Amino acid sequence: MSTSPDPETKRDQPLTLALLRRLVGYEWARLPGSTLVVLSADAEGNGYSPFSTCARARYAPEYDGLHGEVYPLESELANDPELRRLFPQIPDNAVAALVFYPLD
């Protein structure tokens, strides 16, 4: 009797730093340095933009786990009264993240 694959394994998984390191170090190591990194605006591939910048931050997923909000790091909040005013409460489920931004 065969079992069907778990539906969770069929869906794309979030990219972790460990996987990104492996991709850059091994899978993509021989690609030319001029290879452009392009971000899609959504999962269906509607809209594209070249990768521009990234930042360290905290990410808190919303109810569906596929969308969420980005918040400043504790060290940024400690050093910036304006950020503390803008972000008085950080969700308990916020985790460390690298946030990639497209060139718009």
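To be clear, the structure that these remarks concern was listed above.
Here the residue numbers are simple positions, counted from 1 along each chain's written sequence. Per-residue local features of the predicted model are confined to residues with pLDDT of at least 70, and side-chain atom pairs are confined, for both listing and counting, to 80 or more; whole-chain, interface and lining totals are unaffected and use all residues. Values reported for side chains reflect all heavy atoms of the structure, with hydrogen atoms and water molecules removed beforehand.

## A few points about the nonpolar core
Put simply, the test is: Only buried residues count toward a nonpolar core. Its members are Ala, Val, Leu, Ile, Met, Phe, Trp, Tyr and Cys residues joined through side-chain atoms within 4.5 Å. When a residue's accessible area, from a 1.4 Å probe over protein chains only, is under 20% of the maximum for its type it is buried; when over 50% it is exposed; and in between it is partly exposed. A contact between two residues is defined here by any heavy atoms of the two lying within 4.5 Å.
Within the largest apolar cluster, 6 residues are counted, these being Ala60, Tyr71, Leu77, Leu83, Ile90 and Ala94. For Ala94, the residues in contact, after removing those within four places along its chain, are Arg58, Tyr59 and Ala60.

## Looking at the pairing of strand 2 (residues 48-61)
Filter applied, for reference: A strand pair is defined by DSSP finding two or more bridges across the two strands. Secondary structure elements follow DSSP: runs of H or I of four or more residues count as helices, runs of E of two or more count as strands, with numbering from the N terminus.
In terms of strand pairing, strand 1 (residues 38-40) meets strand 2 through 3 bridges, oriented antiparallel. Bridge assignment links Leu39 to a residue of strand 2, and that residue is Ser49. With 8 bridges joining them, strand 2 and strand 4 (residues 95-102) adopt antiparallel strand pairing. Following the sheet pairing, Arg58 is matched in strand 4 by Ala96. Strand direction decides the pairing type here: strand 2 and strand 3 (residues 68-71), joined by 4 bridges, are antiparallel. Residue pairing for strand 3: Pro61 is matched across the bridge by Gly68.

## A short note on the environment of Leu86
With respect to the helices and strands, Leu86 occurs in helix 4 (residues 81-86). On the accessibility criterion, Leu86 (48% relative accessible area) is partly exposed. Leu86 sits 15 residues away from Tyr71 along the chain, and the two C-alpha atoms are 10.0 Å apart.

Any functional reading would require information that these geometric values do not contain.
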